[in-house]
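Here is how the chains run, residue by residue.
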Number of protein chains: 4
Amino acid sequence: MEIESLSENKSLNEECGIFGVWNVPDAAQLTFYGLHALQHRGQEGAGIVSNNNGQLWQERGLGLLSKVFADPQKLANLTGKAAIGHVRYATAGSNGVENIQPFMVNFNDMQVALGHNGNITNAKTLRKQLEDEGAIFQSSSDTEILLHLIRRSKKATFEEQLKEALNQVRGGFAFLLMTPDGIYGALDPHGFRPFVIGKLADDSYVFASETAALNAINAEFVRDVEPGELVKIDDHGMKIDHYTDNTELAIDSMEYVYFARPDSTICGVNVHQARERMGKNLAKEKPVAADIVVGVPNSSLSATLGYSQQSGIPNEMGLIKNQYIARTFIEPTQERREKAVRMKLSAVSSVLQDQRVVLVDDSIVRGTTSKYIIQMLREAGAKEVHVRIASPAFKYPSFYGVDMQTSKELIAANFTKDEIKAKIGADSLEYLSTDGLIAAIDLKHRGAGTGLTTAYFDGNYPSPVYDYEKEVANQAVTFQPELKN
Amino acid sequence: MEIESLSENKSLNEECGIFGVWNVPDAAQLTFYGLHALQHRGQEGAGIVSNNNGQLWQERGLGLLSKVFADPQKLANLTGKAAIGHVRYATAGSNGVENIQPFMVNFNDMQVALGHNGNITNAKTLRKQLEDEGAIFQSSSDTEILLHLIRRSKKATFEEQLKEALNQVRGGFAFLLMTPDGIYGALDPHGFRPFVIGKLADDSYVFASETAALNAINAEFVRDVEPGELVKIDDHGMKIDHYTDNTELAIDSMEYVYFARPDSTICGVNVHQARERMGKNLAKEKPVAADIVVGVPNSSLSATLGYSQQSGIPNEMGLIKNQYIARTFIEPTQERREKAVRMKLSAVSSVLQDQRVVLVDDSIVRGTTSKYIIQMLREAGAKEVHVRIASPAFKYPSFYGVDMQTSKELIAANFTKDEIKAKIGADSLEYLSTDGLIAAIDLKHRGAGTGLTTAYFDGNYPSPVYDYEKEVANQAVTFQPELKN
Amino acid sequence: MEIESLSENKSLNEECGIFGVWNVPDAAQLTFYGLHALQHRGQEGAGIVSNNNGQLWQERGLGLLSKVFADPQKLANLTGKAAIGHVRYATAGSNGVENIQPFMVNFNDMQVALGHNGNITNAKTLRKQLEDEGAIFQSSSDTEILLHLIRRSKKATFEEQLKEALNQVRGGFAFLLMTPDGIYGALDPHGFRPFVIGKLADDSYVFASETAALNAINAEFVRDVEPGELVKIDDHGMKIDHYTDNTELAIDSMEYVYFARPDSTICGVNVHQARERMGKNLAKEKPVAADIVVGVPNSSLSATLGYSQQSGIPNEMGLIKNQYIARTFIEPTQERREKAVRMKLSAVSSVLQDQRVVLVDDSIVRGTTSKYIIQMLREAGAKEVHVRIASPAFKYPSFYGVDMQTSKELIAANFTKDEIKAKIGADSLEYLSTDGLIAAIDLKHRGAGTGLTTAYFDGNYPSPVYDYEKEVANQAVTFQPELKN
Amino acid sequence: MEIESLSENKSLNEECGIFGVWNVPDAAQLTFYGLHALQHRGQEGAGIVSNNNGQLWQERGLGLLSKVFADPQKLANLTGKAAIGHVRYATAGSNGVENIQPFMVNFNDMQVALGHNGNITNAKTLRKQLEDEGAIFQSSSDTEILLHLIRRSKKATFEEQLKEALNQVRGGFAFLLMTPDGIYGALDPHGFRPFVIGKLADDSYVFASETAALNAINAEFVRDVEPGELVKIDDHGMKIDHYTDNTELAIDSMEYVYFARPDSTICGVNVHQARERMGKNLAKEKPVAADIVVGVPNSSLSATLGYSQQSGIPNEMGLIKNQYIARTFIEPTQERREKAVRMKLSAVSSVLQDQRVVLVDDSIVRGTTSKYIIQMLREAGAKEVHVRIASPAFKYPSFYGVDMQTSKELIAANFTKDEIKAKIGADSLEYLSTDGLIAAIDLKHRGAGTGLTTAYFDGNYPSPVYDYEKEVANQAVTFQPELKN
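Remember, it's a predicted structure, so these values are computed and weren't measured experimentally.

Chemist: Describe the interface of chain A and chain B, and please don't skip the residues or the numbers.
Modeler: With 53 residues of chain A in contact, the opposing surface of chain B contributes 53 residues. Summed over both partners, the interface of chain A with chain B buries about 4,700 Å², with 56% contributed by carbon and sulfur atoms. Counting the contacts that link chain A with chain B gives 0 salt bridges. Inspection of the chain A/chain B interface yields 16 residue pairs in polar contact (both at pLDDT 80 or more). When grouped by side-chain class, the residues that make up the side of chain A that touches chain B number 24 nonpolar, 19 polar and 10 charged.

Chemist: Describe the confidence of the model for chain A, listing the residues and the values that go with them.
Modeler: Low pLDDT marks regions whose predicted coordinates should not be analysed in detail. Residue and element names in this part refer to chain A. For chain A, per-residue confidence averages 90 on the pLDDT scale, and 93% of positions sit at 70 or higher. Scored below 50 in pLDDT, residues 1–10 shows 45 contacts in the model against residues more than four places distant or in partner chains. Here the predicted complex carries an ipTM of 0.87, next to a pTM of 0.84.

Chemist: Give me the interface of chain D and chain A: which residues, what numbers.
Modeler: Counting residues at the interface gives 22 residues for chain D, matched by 23 residues for chain A. The three residues of chain D that bury the most area against chain A are Glu131(D), Ile136(D) and Gln138(D), which together make up 32% of that side's buried surface. Across the contact surface, chain D and chain A share 2 salt bridges. Across the pair Arg151(D) and Glu131(A) runs a salt bridge whose closest N-O atoms are separated by 3.6 Å. At the boundary of chain D with chain A, the tally comes to 4 residue pairs in polar contact (both at pLDDT 80 or more). Of all the secondary structure elements, the ones that give two or more residues to the side of chain D that touches chain A are β5 (103–106), α4 (123–132) and α5 (144–152) of chain D. Split into classes, the residues belonging to the side of chain D that touches chain A amount to 7 nonpolar, 6 polar and 9 charged.

Chemist: Break down the packing of aromatic side chains for me, with residues and values.
Modeler: Scanning the model with the defined rule gives 56 aromatic pairs over all chains in all. Ring plane angle 75° and centroid distance 5.9 Å describe the contact between Phe32(A) and Tyr33(A), whose orientation is recorded as edge-to-face. For the pair Phe32(A) and Tyr33(A), a shared accessibility class is recorded, and that class is buried. Aromatic side chains Phe192(B) and Tyr400(B) sit 3.9 Å apart centroid to centroid with 10° between the ring planes, which places their arrangement in the stacked category. One end of the pair, Phe192(B), is in the loop between β8 (182–187) and β9 (196–201); the other, Tyr400(B), is in the loop between β21 (384–389) and α14 (411–414), and 208 residues separate them in sequence. Judged by its relative accessible area of 0%, Phe192(B) is buried. Taken together, the ring pairs in this structure connect Phe192(A), Phe399(A), Tyr400(A), Tyr461(A), Tyr468(A) and Phe479(A) into an aromatic cluster. The ring of Phe415(B) carries the charged tip of Lys423(B) above its face, separated from the ring centre by 4.5 Å.

Chemist: Would you mind going over the arrangement of the chains in detail, with residue names and values included?
Modeler: Separated in space, chain A and chain C share no contact, their closest pair of C-alpha atoms being 10 Å apart. Contact between chain B and chain D is absent, and the minimum C-alpha spacing across the pair is 10 Å.

Chemist: Can you lay out the domain arrangement of chain A for me, pointing to particular residues and giving the numbers?
Modeler: Here chain A is described as being made up of domain 1 (6–248) and domain 2 (272–441). Of note, the centres of domain 1 of chain A and domain 2 of chain A, computed from C-alpha atoms alone, are 33 Å apart.

Chemist: Give me the relation of the copies chain D and chain A: which residues, what numbers.
Modeler: In this structure, two copies of a chain are linked by a rotation about an axis accompanied by a shift along it. Overlaying chain D with chain A gives an RMSD of 0.0 Å, the required rotation being 180° about an axis along which the chain moves by 0.1 Å. One copy is carried onto the other by what is essentially a two-fold rotation axis. Relative to the rotation axis, the closest C-alpha in chain D is found at Ala135(D), a distance of 3.1 Å. The fraction of interface residues of chain D whose copies in chain A are also interface residues reaches 100%, indicating that both copies meet through the same surface.

Criteria and cut-off values
Throughout, residues of each chain are indexed from 1 in the direction in which the sequence is written. Chain labels run from A onward and ligand labels from 1 onward, assigned in the order the entries are written. With pLDDT at 70 or above as the cut-off, local features in this predicted model cover only qualifying residues; side-chain atom pairs require 80 or more to be listed or tallied, and sums for whole chains, interfaces and linings still use all residues. Heavy atoms from the whole structure form the basis of all side-chain values; hydrogens and water molecules are not counted. Should any heavy atoms of two residues lie within 4.5 Å, those residues are counted as being in contact. Accessible area that two parts lose when put together, evaluated with a 1.4 Å probe and summed over both, is termed the buried area. Salt bridge, as used here, is a side-chain nitrogen of Lys or Arg placed within 4 Å of a carboxyl oxygen of Asp or Glu. Two N or O atoms count as a polar contact when they lie within 3.5 Å, although within protein this holds only if one can serve as hydrogen donor and the other as acceptor, and sequence-adjacent residues are included solely when both atoms are side-chain atoms. Think of it as three bins: nonpolar holds Ala, Val, Leu, Ile, Met, Phe, Trp, Tyr, Cys and Pro, charged holds Asp, Glu, Lys and Arg, and polar takes everything else, Gly as well. One number per residue, pLDDT, summarises how confident the predictor is, and it ranges from 0 to 100. A run of H or I in DSSP becomes a helix once it reaches four residues, and a run of E becomes a strand once it reaches two; helices and strands are each numbered from the N terminus. Paired rings are identified among Phe, Tyr and Trp, the last through its six-membered ring, by centres lying within 6.5 Å, and are further divided according to the angle between planes into stacked (under 30 degrees), edge-to-face (over 60) and tilted (the rest). Here's how the labels work: a residue is buried when its accessible area is under 20% of the maximum for its type, exposed when over 50%, partly exposed in between, all with a 1.4 Å probe on protein chains only. Counted as over-ring charges are cases with an Arg CZ or a Lys NZ within 6 Å of the ring centre that also lie within 35 degrees of the ring normal. Where each domain starts and ends follows an automatic or database-derived domain assignment. A least-squares superposition brings the copies together, and it is based on the C-alpha atoms of residues with pLDDT no lower than 70 in both.

Structure (structure tokens):
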């Protein structure tokens, strides 16, 4: 038996959330609250490391935060005025407690804790190289690599060592490190993942994966961490530095489409509003004659609002989500997935009876959930079900921090739109165009390019993918050249 | 430290959900799924009793279903083709495992299991009387009373004993009993609580507190249990009988306003649609000039939709709910409540900035949550906040199955509308009228009266309240005479 | 998988230990320590009820004390200056938490907590009778009966009601009750089970199943509770009363042979010394030419000492017991039992090599353990193994508080001594005579009779066995007439 | 609150037990049973790594084996026909789960698991050196060092790398390693810790810290691992090799005195019999006029037997040990220690009354336990208490695998015999002489020297102590020169 992750049927998982705070009483408690606001980014493990006058303390475990810290003593153990924390989505085969972050290492001269959100594309190569030089890895996680690179640097200071290490790793990463005297945040040169700085008081700063975590602890938003930056927070306040100048913003567009919380703002664009515009653009591009618009709760509700506003078709609550997370029990996978959908979602017959329904969803990955939802809508009386997806068809894998590293399971990579329509049992199926997506997010204030990674949809990768090249070997993809360091 | 119930800040708690099924393989698993769909009716304890060829087996524990049945062995222990289950909201001082239902008693000649949703208004009197005759109570729950009454009956059959017992208890109750050879469902003469019958196959029937639980297991809705009925499900199918003819429908209106799931249908009226109409009527009765309508998720979203549709003011997602339930830690209660609100809800500044907001909520009980929400909206930039409550002011306590048995904590019982407006920091505050509520629910197909209990709002109780009379002693209330048995 | 009780292979289980204390700070903690000293009397459940100024609080659970009270909050919840506690051996089919004692019932006019060590022989009859009068039983335990009898009494005071109830039950019982104002201890008219009173200070008294529990908390031994007595401890000190005058001491001889701790003293006779004398008498009655005496740890070590002293054959440590209790895993029962013996005991080859061994054990019940032990001794090099049992052959069941209510599993009831010798693989097998046992315990200071129940060995029951008559129907047993009340 | 280790009051803790098995079905289960027999060597953590066709699987946790593997799924997860396991005593400040062994590391070309019993005396130096070269340590344990040394070796094969690594570490160690294709056992050049090889079948071998673990799983003893040896068990059977020729047996004498199980045999000498001879020698060296000999259970019972046999004074059971392990609760340390002693031991008054007692104990470390025991004996009536210690006075710390690395807490290092006698309240106090100890263990069949480390008693260390030199700086100690590699 397994705990169902909320996104099991979606099979599209963010790989982590990070949070850190400096100079505040009850730092570990604040970190708990901050991580709670980031729980949607990782539900399979959590940890917090606190810093009590230079001594680091660690607690971590498998499962949701509320499970890991069920014993209040655990948070109480984490004394001190600074802390960093991590919520983790565990990829297959890596679900041991040794992989739960933040990692903490004890050098003879210092302690370091490290949390990571992202994916290092040259990890295998670096790991092999480090092992050949005698390095030992205890986790199966890529994150450990950074520690080895730091430690092997011949530079004089920790900060210089860290910069050297950051210049050796490739891919998507937001790193959060804590040493006895400060917290460091670093973002990859493309800024694939969101990462922000907040402020609780003049001398008390916060790092978080999303602004929603700042709100949760009543911290004021200061600014995004920019691509290539290395930001330090310590008793002297915040110091913004950079380990490379050669950067080009390319945020993962799926953060706007699906991952991030609607109340978060990334690079100045509120996620809810971006989704609403995706819905509007979708209605413009792919109209349909229908009686009601129904969104798949909760991630599609913003796009649904937009579709309804633009189309004038009333937005009705035809699907209800159970607010309690539960397990299904051991049974054949097919049946289990269907049961999982039924436990999470319920169709409202009195709303759906005899209606022509526009079903708005944010994305289709495997298509399984869509099939069950459409089936439920029809059982509840829907006359027609027109599926409108508020993002383009998902055809290419991601290597910058999302657990979807092969196109094998992507239904849109393997079937035509018509085939998918038939498979999921829809009366019609349409997607938002990539241009419509880019326009909805609208990062043009950020420079010449789109500021986005849209490789999922168009196969145009903003950088080489190194160790993953064989995964995209036979597909029509393009790689932008590596940014020079 | 306490687990936060979802409704802690509301301080208005349903007292239970019940579910039972006869003649189906994996009856306990189906009961688990059914109870999961009823988890919103009780989060502090759960239990299931199964029936394996006449032998009853029991598992129960404190906390959410997912905790009580965390060890898969527990469900596996519950063998057999029939089961009943219960989710419980524990009132203060009664949180021991001995109070978790279903209760199971072993007589020398039979076993009986019993689950209850409701509140018996003459419980103290009956209990004293029974104890004076030598009865021993192990729980502090009223539910045990029914077992004693059955057992003391001199009637010849269990069914007759049960009927005699049902005629002795007063108040609101939906009882679910299982004996070795069948399941019995009984509803009080006013039908205060929802209670329905479903069907899985020709010889397999289901009882549930709400239709949402039928959907969850793919059962077909058959009919509501009617006031005064005693329904038996056994190997001969379903037999509908009644223990009294003297009935008058008076469903607790708060089921439509707040408790029940929007996808449930009670007495032929879908809850979501009733709420939508409450929102429409509210918009008609209490319009206001504003830029956006924002609902308090999730319970107010239907009414918000209605308010927006009727008023033409756009419905915007200005408040986001965290889908993960978490605890707050030991701290002064005031601060803790505020933190709990912040952990559950988050305001979206980009939506709210400089807007005149209509904030739609389903009800105000203590007013604390409203205050924090309005504060959050203003911090997020809202220019004006006009509170519109989709039910009348909550002034009188309930004694038929809701944990609100005193008017002391009811803000509307103690302050004027203007005072409340000031306390919660709103720019304006208005409620739906009782007539508007009755019209929105619209049970006129059910007979001459309203079919509803609206005592919370108008102090007109559909029956005497027996042992609770002192709680309403100094208030202007009326009691309808007891229905004759 | 099951937790192995220490005595699983012996299949002879004491049914409980009780402990109570009045007027001392941290009463619940002292009760925990007292019960810990009685843990050998019951390992499958434990509970404590405390009394804080007349308000009773309860905690109970399945497993060893250390598990039930693993969360320190549980003991901390049990505030107050008085407490009673219970450790339970759960008989088959009765292992739910609803059977864990002390039971606590809430009457409208008082609370009562009750713990019981023993077995009521007319329980079925009384239970049926009570149920016919409308009583409801929630546990499958006999103990609940006393509460019903008390409650149905028409006497004026609780004490009189209790006396009346005590006169209705038959069999073996030591009852411990706590009401808001005192603790009551009562012993059956034959005094089958040990039960003592201790003193911590002038106004602070203690009840316990064995004197070992008094030692554990540094209490002074005052006196045994005598057969037929009802002793009350309250703010006025200790009051000794009796509910019947018609008594005749008949302590269960197995308390001396096997159940009680060697450091306990029962009716003035130290258990270790009694066992030592059993070993001496055994050596006199059943000598054998051998090189070393080896005892089965730990229960046989005293008798082994006696056998060695009397015979002059050196006592050697040929068997070692693992001090950690562990489980075996799911495997065929035969193999599992053998593994359980190997996990508990280990033979010392260098001691046993080429030796003629006298193996002293306190008793043989099913014979399984003996077989494995002898096999281990031989594998370790023993040349001859002469089994000497320091009690008579165990042929008849017990009904006064020991879990051995049928002779089916008693090897000596079903096979001759020679057959048993062959089955267990011994070179010779001899038992202590019943006279030898009686002389070793030596209660002649207590009156004319032996003061002992030796029914296990001679089938002479000191009282009728009521509801159990069919269990001994075809055996040559005698029942002493019931003592008149 | 803390779980009391059995030896808390002794403050003398073995640092681990190791066990491994190759080529047997249910290897993890056998390892569980083997570790159970070694539980006395470490109670604060346990782990098992299994090998299923070259893939290693790990489970580990804090606490006793029965707690770590409470969920049967955990053992079930450990599939495969080979396994190694470890029970750990956690030294102060190192009680995180990251320190629980076996450690398991994933190299890109292989997996290695490692368990260790002992203490590396040049660990700090090696660790600093390795860190300076870039190594990262995640545990605070010394054990990790070996993995780094192996990995940094430039030798061609794993076996050669391991040999090179073994030649770099100093101190006491028994290492157990598992790779995909075999299990390796290695012992330090002095053989400080016991380590044996057993056999289950022709192609199935076992490693264990003590022979008791072989008995537990019915394995045949093959031979001791000898100092300087590296033994490999794989599909080709057992291969005995050595990484150094320069060895000199110097087993830690405390293994015979206190640590090892009495049923174990180390270097051909049974522990129980060695202890019995210590008791005999003690009786010869330090006779006293007394009525009874009483041993402190359980560790002193063998020596007590010897003392009694030699002196002719009867061995009586004056102290009883509670077989259940329990906790004491938060209270001032002094009181808590006294309570812990009372919970574990109980004095038998009827045995002790008016007796002149020889109290035999195996050793005195801090003296606290002795004080409380003597007090208990006197309260129980003992007229005189003559303490006889079956080992010499414990004056110097150990650095080869026992948690006693400072002489600060050693009562005999800080007080004269007369002072100690007074502190513990004895009538007389005498120790066994070092010669008496050596003669009792009697390893002369093993070569010219004593074969023993007696540094605790005489300050003569068989090797330099490297990083610990300052701990013995001001004491009159001698170090034997390092054996040349």
